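Given next are the chains, with one letter for each unit.
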Amino acid sequence: MEVLARGHFGKTLYKFTSHTARRSNRLNKCKFLALLKCRHSQSHVLLALHEQSLTTKQKRAYHHFSRNAAGVLPQGQIVPLTVTSSRGIYMAVARVLKNVLKLRYLVLGGAVGGGLQLQKTYQDWKNSLFDVDWMKDLFPEPDKWNSVRDSMMTAAGKLKDVEIDPRLRTVAESKYQNMKSWLDTRWEAAYAAAQKRQAERAEKLKLKEAATVQAITFGKTENTQSNPKDFMEVQLKYQRELEKLEKENKELRKQLLLKNSSSGQLKKVKKSLIDMYSEVLDELSEFDASYQTQDHLPKVVVVGDQSAGKTSVLEMIAEARIFPRGAGEMMTRSPVKVTLSEGPYHIAQFKDSNREFDLTKESDLADLRKEVELRMIHSVKGGRTISKNVISMTVKGPGLCRMVLIDLPGIISTTTQDMESDTKELIREMTTTYMSNPNAIILCIQDGAVDAERSNVTDLVSQVDPQGKRTIFVLTKVDLAEQNLANPDRIQKILSGKLFPMKALGYFAVVTGRGNKEDSIQDIKKYEENFFRNSKLFGSNPSLSSQVTTRNLSLAVSDRFWKMVRETVEQQADALKAIRLNLKTEWKNKFPNVRELDRDELFERARGEILDEIVNLSQLTPKEWEELLYHKLWDRISPQIFENIFLPAAQTNLDPKSFITQVDIKLNQWAGKEMPTKTIEAGWEALRMELLQFMDKAKHRKEHDTTFDELKNAVIEEAVRRHSWESKGYEMIQLLQRNALDETTVHDKSSWSAACQFLKTSVENKLNSIEKTMSEMFGPGVMSQWMTWSYRTDIQKVRSAVKYEVEQYLKSNENHGSILSRDEMITIKQNLGKNGMECEDALIKEVWDIIFKKQFLQSCLQKAKGCEKEFSKYQFGISSEDCCNVVFFWKLQNLLNISANALRQQITSREARRLFKEIKEVLEEYSLDEQKKTQLLTGRRVTLAEELKRVRQVQEKLEEFIKALNNEK
């Protein structure tokens, strides 16, 4: 360790460089104190204090370093220094800073504690105040205020450019002035009466206002009870004025919609929003039923007993008589989906039809009702039961409430003879299925003219929706009910929900007609209005004014429908996303690196492959075509040539000239009748076979897709079935064959050699065919019986015995004719009888014919081998009789070559193109036949791709609808 001190007293610099100092702190302390004691006498008191704090070992080290300190630090270079004053000052400053820093904890702790106490005090004071949260419900949210303000400003800007008919404007302004003056008069009278009452009874004003509110709500004040008819009159008058204004505004809306559509503007949210939603439902109805996604989207389901007035209520909402009617019989035989939408014209249109029915014309209404009836009859089985097939139609018109309604067959109590036995159960099952949709609005229709105890629908609805969270109860025919009921209070109990055990969101009473089929919707509305205005039952209870008329019902149902749509549509979109994700995961696992192709795309791909493979027919050379056609034609005519022409002529033992003459006669007769037909058949078979071979070759390619095999085979088979050879081709081939038969002389040696080879090949093939036939007739030989452990049947044993006898005759007489005499047959029977065998003459003749043919063909084959060198003799007319067969087969060969050449030309120039065209026609027909495509394109790959396509389409339409719905918000 080194200690250096420089400068005046109190400034000291310590520098420790010894490695021993870093090794032990205790030695450092002792060594430092020893050096100070040795050189600085002024700090002995301080050093003594430090010595007292040392341990025994430290003291020994201290004295050791004290004795040797002089050699470490020479006295001449050391400046006297002190440690006491500087260190004391530093320690004092440190203690002051330490105490000062403690204050921050006190300050911070006090601030935090005070804040908590202040917050607690403020919370206690706030809780002591009275609750004013109820005032929030009285004021709309700022977002709604801003939305309404922006919508009104936008509408005002759009309406500036609308050109309104001056006549309509004049009428509207006059009506507006009349309405305004009437309202001002009523307001002034009410204001004057209120001022008078306030002056007379100012101290009781609050109590009177509370009583008035209670009277309007529950109908219990003396003033309301004393004159309830006036109150109902005011309500109905106000409603009539509103309906008049709405009716007059229909023309304004019509012009506005027409102007927007003609100017190309795309603002059709209110008009097309329900149409978009209906399209989503249609897409879901065509989707795989196993997912049951369509059952989760809201729609209004109209249910009720038969003849309860379901269809009439729907017609009043649609403002048109669109459904057929019957006298007490079942008219609604299948579900009818009606989409109500706003439009410039009052029209109706079926989903699968382009015709628009004008609902303002009685003729179109009659046609529409007839079409609905026909569709229902065609959808059921013989008109005797109901159908689950949905009839979809859209009704558009100005001012219609936008919603989707499903009209179901009415619930029946029993089946009649003209119904199937399970009709009652099928109706209840269908109704329950539609109502089980957790987001469906149930419009329960109850006939008010019948006893409530006879209702079937209320029990069914209460089972599906026991809490009544999505049920709206409608009481129809209340005009008849008021006349017939002995206790009118029952209707009030029904509308207040106290009579039926079922619960509902709301209760309505309507009048949908007066029994006259000729009444229009406007006539029925007037009748309904007059009834409720003059009704003793409803006029005496003003609290029911909001629960009557179909107009109030329509508004309530539409409001509830759209509220439920907004609440549930996002959930359905999420469900579709989950389904699509699962399907895509399955596709990636089962078909990796394969593009998703639905049936239509797969069909187009198969179409291209089929047409490409047909084009490959042009790759065959003329030589390959002619060889193929030559062999096909010979295979088809060779049995006829041998059995009907060659063998009969050769077996007559004629001289060569007579043989040639007889063969020519028979060949010309047969060729004139059957040869052209056989030739066309052979050409068509060759074309078909070659096409199928190209198809089979494509199956062995590495990139071959087995999904298309069934479709390709079906297309080829259908095109082949339709194809027919041109008549001109038939006539041309017939003419060429006749000319070929006129040739009787072999012109060169090569033709002679080819004829000899053709003769030998043909005879050998025929002998092989005869050998196979004989093997089946006579059974296995002795060697085969030993080797294969097989045995002959009884008939084969008899035939073998006859064969032995026949062969003996032929050995004894090699020039025997082709016919077995009667004596010879008797001799054969006798020889067989000696061995205990009996047989018929036909069996002997059958064996004789095949044995004789074999022997004759064997002799022909031997003679043909010696005729190859006889061409020179033939030229000079000195050839042997054995070579007359060569000339016949040369004529046949020439005929085959000419026919094959003609067929090849017709196929390459005409028939292949015609077949190609027919295949294209078949493909075009199949492309339009969804049933065919479904039948021929199968497999999980196809169905999975179809499901992905359907989910994607539904999801896109649903997202488009959600976007439009959010824009309308």
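Along every chain, residues carry numbers that run from 1 in the direction the sequence is written. This being a predicted model, a pLDDT of at least 70 is required before a residue's local features are given, and a value of 80 or more before pairs of side-chain atoms are given or counted; all residues contribute to the totals for chains, interfaces and linings. Hydrogens and waters are ignored; side-chain quantities use all the structure's heavy atoms.

### As for helix H20 (residues 550-590)
Taking 1.5 Å of rise per residue, 41 residues should cover 60 Å, and H20 covers 56 Å from first to last C-alpha, within 8% of that figure. Note on bend: the value at a residue is the angle between axes fitted to the seven residues ending there and to the seven starting there. Counting from the N terminus, the helices are DSSP H or I runs at least four residues long and the strands are E runs at least two residues long. The axis of H20 is deflected most strongly, by about 35 degrees, at Thr568. A helix is expected to span 1.5 Å for every residue after the first.

### Brief notes about the confidence of the model for the protein
Taken over all residues, the pLDDT of the protein has a mean of 75, while the share at 70 or more is 73%. Counting interchain partners and residues more than four positions distant, the pLDDT-below-50 stretch residues 261-271 has 17 contacts. Across the chain, each position has a pLDDT score giving the predictor's confidence in that residue, from 0 to 100. Throughout, a residue-residue contact means that at least one pair of heavy atoms, one from each residue, lies within 4.5 Å.

### Considering the pairing of strand S9 (residues 441-447)
Exposure categories follow from relative accessible area, calculated using a 1.4 Å probe and restricted to protein chains: below 20% of the type maximum is buried, above 50% is exposed, and the middle band is partly exposed. Taken across its seven residues, S9 has seven buried, putting it largely inside the fold. Neither face of S9 is exposed, since Ile441, Leu443, Ile445 and Asp447 on one face and Ile442, Cys444 and Gln446 on the opposite face are all buried. Both S9 and strand S10 (residues 471-476) contribute to a ladder of six bridges, which runs parallel. Of the residues in S10, the one forming a bridge with Cys444 is Phe473. Whether two strands pair comes down to DSSP finding at least two bridges between them.

### Some words on the pairing of strand S5 (residues 347-350)
Note: S5 against strand S6 (residues 357-358), two bridges, orientation antiparallel. Looking at S6, one finds that Ile347 is bridged to Asp358. Counting the residues that bridge the hairpin from S5 to S6 gives six residues. In this sheet, strand S7 (residues 391-396) lies alongside S5 in antiparallel orientation, the contact comprising four bridges.

### With respect to a nonpolar patch on the surface
Two distance rules govern patches: like charges are joined within 9 Å, and nonpolar side chains (Val, Leu, Ile, Met, Phe, Trp, Tyr) within 5 Å, applied only to residues with over 30% relative accessible area and no salt bridge. Under the convention used here, a 1.4 Å probe and the Shrake-Rupley method define accessible areas, while residue burial counts only the protein chains that appear. Here a salt bridge means any side-chain nitrogen of Lys or Arg lying within 4 Å of a carboxyl oxygen belonging to Asp or Glu. The grouping of Val782, Met783, Trp786 and Met787 at the surface amounts to a nonpolar patch, some 570 Å² of accessible area in total. Mapped onto the elements, Trp786 comes out in helix H28 (residues 782-788).

### Concerning unusual backbone geometry
Its identity is not glycine, yet Ser307 carries a phi of approximately 65 degrees, on the positive side. Mapped onto the fold, Ser307 is located in the loop between strand S3 (300-304) and helix H12 (310-318). On the accessibility criterion, Ser307 (40% relative accessible area) is partly exposed. In this structure, Asn593 takes a positive phi of about 60 degrees despite not being glycine. Relative to the helices and strands, Asn593 resides in the loop between H20 and helix H21 (599-615).

### Some remarks on the environment of Thr745
Checked against the element boundaries, Thr745 lands in the loop between helix H26 (727-741) and helix H27 (749-778). On the basis of relative accessible area, Thr745 is assigned to the partly exposed category, the value being 38%. Here the alpha-carbon distance between Thr745 and Phe888, two residues 143 residues apart in the chain, equals 9.9 Å. Thr745 has contacts with Tyr874 and Trp890, leaving out every residue within four places of it along the chain.

### Describing the packing of H21 against helix H25 (residues 709-722)
Fitted lines through C-alpha atoms give the axes, limited to the stretch in contact for helices. The angle between two N-to-C directions lies from 0 to 180 degrees. Relative orientation of the contacting elements H21 and H25 amounts to 55 degrees, with a least axis distance of 10 Å. The pairing of H21 with H25 is recorded here as oblique in orientation. Of the two elements, H21 crosses H25, and the hand of that crossing is right-handed. Only Leu711, Lys712 and Val715 of H25 make contact with H21, whose side of the interface consists of Phe603, Ala606, Glu609, Ile610 and Glu613. In the scheme used here, Gly and all other residues not listed as nonpolar or charged are polar, with Ala, Val, Leu, Ile, Met, Phe, Trp, Tyr, Cys and Pro taken as nonpolar and Asp, Glu, Lys and Arg as charged. When its residues are assigned to classes, the contact of H21 with H25 shows five nonpolar, no polar and three charged. Roughly parallel covers angles under 35 degrees, roughly antiparallel covers those over 145, roughly perpendicular covers 65 to 115, and oblique covers all other angles. Note on convention: near helix rotated counterclockwise from far helix by under a right angle means a left-handed crossing. Clockwise means right-handed.

### Some remarks on the nonpolar core
Core analysis: the largest hydrophobic core is formed by 107 residues, its most contacted members being Phe646, Phe888 and Ile919. Counting residues per element, this core draws most heavily on helix H33 (residues 884-928), at 19 residues. Ala308, Val336, Ile472 and Val565 belong to the second largest nonpolar core, which has 59 residues in total. To qualify as a nonpolar core, a set must consist of buried Ala, Val, Leu, Ile, Met, Phe, Trp, Tyr and Cys residues joined through side-chain atoms within 4.5 Å.

### Overview of the sheet that holds S10
Read from one edge of the open sheet, nine strands run S6-S5-S7-S4-S8-S3-S9-S10-S11, paired in mixed fashion. The open sheet has two edge strands with one neighbour each: S6 and strand S11 (506-509). Sheet strands in contact with H12 are S3, strand S4 (336-341), S7, strand S8 (403-407), S9 and S10, and its direction is about 160 degrees off that of S8. Across the sheet, helix H15 (residues 457-464) touches S3, S9 and S10, and the angle it forms with S9 is around 160 degrees.

### Quick word on the packing of aromatic side chains
Pairing of aromatic rings covers Phe, Tyr and Trp, the last through its six-membered ring, and needs centres within 6.5 Å; plane angles under 30 degrees mean stacked, over 60 mean edge-to-face, and all others mean tilted. Considering all chains together, one arrives at 22 aromatic pairs under this definition. Ring geometry for Phe642 and Phe889: centres 6.1 Å apart, planes at 55 degrees, overall tilted. Here Phe889 lies in helix H33 and Phe642 lies in helix H22 (residues 622-650), a separation of 247 residues in the sequence. Judged by relative accessible area, which is 3%, Phe642 ranks as buried. Chaining the aromatic ring pairs together yields one cluster made of Tyr630, Trp634, Phe642, Phe646, Phe758, Phe856, Phe888 and Phe889. Charge-over-ring contacts are defined here by two conditions on Lys NZ or Arg CZ: a distance within 6 Å of the ring centre and an angle within 35 degrees of the ring normal. The ring of Phe350 has Arg375 sitting right over it, with the charged end atom 4.1 Å from the ring centre. The lysine or arginine in question, Lys933, covers the ring of Phe603, its NZ or CZ lying 5.9 Å from the ring centre.

### Some points on the pattern of salt bridges
As enumerated under the stated definition, the model contains 42 salt bridges in all. Measuring nitrogen to oxygen at the nearest pair gives 3.0 Å for the salt bridge that ties Glu362 to Arg369. Taking relative accessible area as the criterion, Glu362 reaches 51% and is therefore assigned exposed. Taking the shortest distance from any N to any O, the salt bridge between Asp600 and Lys949 comes out at 3.4 Å. Of the two residues, Asp600 is situated in helix H21 and Lys949 in helix H35 (residues 940-968); the sequence distance between them amounts to 349 residues. Classification of Asp600 as partly exposed rests on a relative accessible area of 30%. The class of Lys949 is buried, set by a relative accessible area of 17%. Within the structure, one salt-bridge network assembled from shared partners comprises Asp598, Asp600, Glu930, Lys933 and Lys949.

### Regarding the side chain of Glu690
Following the sequence through the fold, Glu690 ends up in helix H24 (residues 675-699). Residue classification places Glu690 among the buried positions, given a relative accessible area of 8%. Apart from the residues lying within four places of it in its own chain, the contact partners of Glu690 are Leu617, Leu620, Trp625 and Leu628.

### As for the environment of Thr311
In this fold, Thr311 is placed in helix H12. Distance from Thr311 to Arg321, taken between C-alpha atoms, is 9.3 Å for residues ten residues apart in sequence. Those residues in contact with Thr311 that sit more than four places away from it in its chain are Phe323, Thr332 and Asp407. Of note is the side chain of Thr311, whose polar atom sits 3.3 Å from the side chain of Asp407. Whenever a nitrogen or oxygen atom comes within 3.5 Å of another N or O atom, the pair is scored as a polar contact, on the condition that within protein one atom can donate a hydrogen and the other can accept it, and that pairs from neighbouring residues in sequence are kept only if both atoms are in side chains.

### A short note on the side chain of Thr458
Of note, Thr458 is situated in helix H15. According to the relative accessible area criterion, Thr458 is buried, its value standing at 3%.

### Things to note about the environment of Phe357
Tracing the chain through its elements places Phe357 in strand S6. Looking at Phe357, the relative accessible area reads 3%, which means it is buried. On a C-alpha basis, the gap between Phe357 and Ile347 in space is 5.4 Å, while along the polypeptide they are ten residues apart. Discounting residues that sit within four places of it in the chain, Phe357 has contacts with His346, Ile347, Ala348, Phe350, Asp364, Asp367 and Leu368.

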